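# A look at the structure
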Amino acid sequence: MLTDRYAPPQQLYGTAYEQMLEKVRYEGAYPTRERAEEAVRLVLAGLGRQLTGDERVDLAACLPFEAARVLTTQIPDPQPLTGWAFVKDLAARTGASLATTRWDTGSVFSAVAACAGPDLITRILHQLPTGYALLFGRAELTPAA
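So, here's what we can say about the structure. (Residues numbered from 1 in each chain as written. Predicted model: local features only at pLDDT ≥ 70, side-chain atom pairs only at ≥ 80, totals over all residues. Heavy atoms only, no water.)

### Concerning the packing of aromatic side chains
Within this structure, the stated rule accounts for 3 aromatic pairs. Between Phe-86 and Phe-109, the ring centres sit 5.9 Å apart and the planes meet at 25°, which makes this aromatic pair stacked. One end of the pair, Phe-86, is in helix H5 (residues 83-94); the other, Phe-109, is in helix H6 (residues 98-116), with 23 residues separating them in the sequence. The class for Phe-109 is buried, based on a relative accessible area of 0%. Ring plane angle 5° and centroid distance 4.1 Å describe the contact between Phe-109 and Phe-136, whose orientation is recorded as stacked. Residue Phe-109 is located in helix H6, and its partner Phe-136 is located in the segment after helix H8 (132-135); the two are separated by 27 residues in the primary sequence. (Phe/Tyr/Trp six-rings, centres within 6.5 Å; stacked < 30°, edge-to-face > 60°. Helix = DSSP H or I, 4+ residues; strand = E, 2+ residues; numbered from the N terminus. Buried < 20%, exposed > 50% of the residue type's maximum accessible area, 1.4 Å probe, protein only.)

Set out below in structure tokens:
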């Protein structure tokens, strides 16, 4: 295949996804864009295994195409994990420490929240088991007895 060596290089990802990766890289203080992308793919795949229904569809619509694809190609687990079990599951899948995985999750969820907005994040938190609010940087509120 012949290519024009004077043509600008093809951009691998859309601008919105590039911006999301830069936000995650900045929030997570990752040394490289590749490390930020690893975190995005790991955490969004995990979230895709937890989220169902309208919240899943609405979140995918808010995310850049590449991120939405990672989220939506996952089959939701029949029994969603608590926030802490979510972090432990991701750590077990990668062999990373719990602290690193918790850091990755918070960094990615910060970017997800920026894309989704507070109303959708609130709906997502109402759907998921306890423990996710802190991962999204919010207080964990429990209903009064």
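Resuming the write-up.
### Here we look at the packing of helix H2 (residues 33-48) against H6
Relative orientation of the contacting elements H2 and H6 amounts to 85°, with a least axis distance of 9 Å. Here H2 lies roughly perpendicular to H6, going by the angle between them. Contacts between H2 and H6 involve Arg-35, Ala-39, Val-40, Leu-42, Val-43, Leu-44 and Leu-47 from the former and Thr-100, Asp-104, Thr-105, Val-108, Phe-109 and Val-112 from the latter. Its residues assigned to classes, the contact of H2 with H6 shows 9 nonpolar, 2 polar and 2 charged. (Axes fitted to C-alpha atoms, helices over the stretch in contact; angles between N-to-C directions. Parallel < 35°, antiparallel > 145°, perpendicular 65-115°, else oblique. Contact = heavy atoms within 4.5 Å. Nonpolar A, V, L, I, M, F, W, Y, C, P; charged D, E, K, R; others polar.)

### Section: helix H7 (residues 118-127)
Every buried residue belonging to H7 is among Leu-120, Ile-121, Ile-124 and Leu-125, and all of these are buried. Buried residues of H7, viewed axially, fall in a sector of 140°; they line one side. Residues of H7 that are exposed and point over 90 degrees away from its buried face: Asp-119 and His-126. Those residues of H7 hidden inside the fold are in contact with helix H3 (53-62), H6 and H8. (Arc of directions from axis to C-beta.)

### Thoughts on the nonpolar core
In this structure, Met-20, Leu-44, Leu-59, Leu-63, Val-108, Phe-109 and Val-112 are the most contacted members of the largest nonpolar core, which totals 38 residues. The set of elements that each furnish at least two residues to this core consists of helix H1 (15-28), H2, H3, helix H4 (65-72), H5, H6, H7 and H8. Among the elements that make up this core, the one with the highest residue count is H2 (8 residues). (Core = buried A, V, L, I, M, F, W, Y, C linked by side-chain atoms within 4.5 Å.)

### Things to note about the packing of H1 against H6
Interhelical geometry of H1 versus H6 gives an angle of 135° and a closest axis separation of 9 Å. Considering the angle they form, H1 stands oblique to H6. Seen along the crossing, H1 lies across H6 with a hand that is right-handed. Residues Met-20, Lys-23, Val-24, Glu-27 and Gly-28 of H1 touch H6, and the partners they reach there are Trp-103, Ser-107, Val-108, Ser-110, Ala-111, Val-112 and Ala-114. (Left-handed = near helix turned anticlockwise from the far one by under 90°.)

### Comments concerning the environment of Ala-111
Relative to the helices and strands, Ala-111 is located in helix H6. Its relative accessible area of 2% is what places Ala-111 among the buried residues. Sequence spacing of Ala-111 and Val-24 is 87 residues, and the spatial spacing of their C-alpha atoms is 6.1 Å. Sequence-distant contacts of Ala-111, that is, excluding residues within four places in its chain, are made with Met-20, Lys-23 and Val-24.

### Remarks on the environment of Ala-113
By secondary structure assignment, the location of Ala-113 is in helix H6. Accessibility expressed as a relative area gives 22% for Ala-113, which makes it partly exposed. Ignoring sequence-local partners within four residues, the contact set of Ala-113 consists of Ile-121 and Phe-136.

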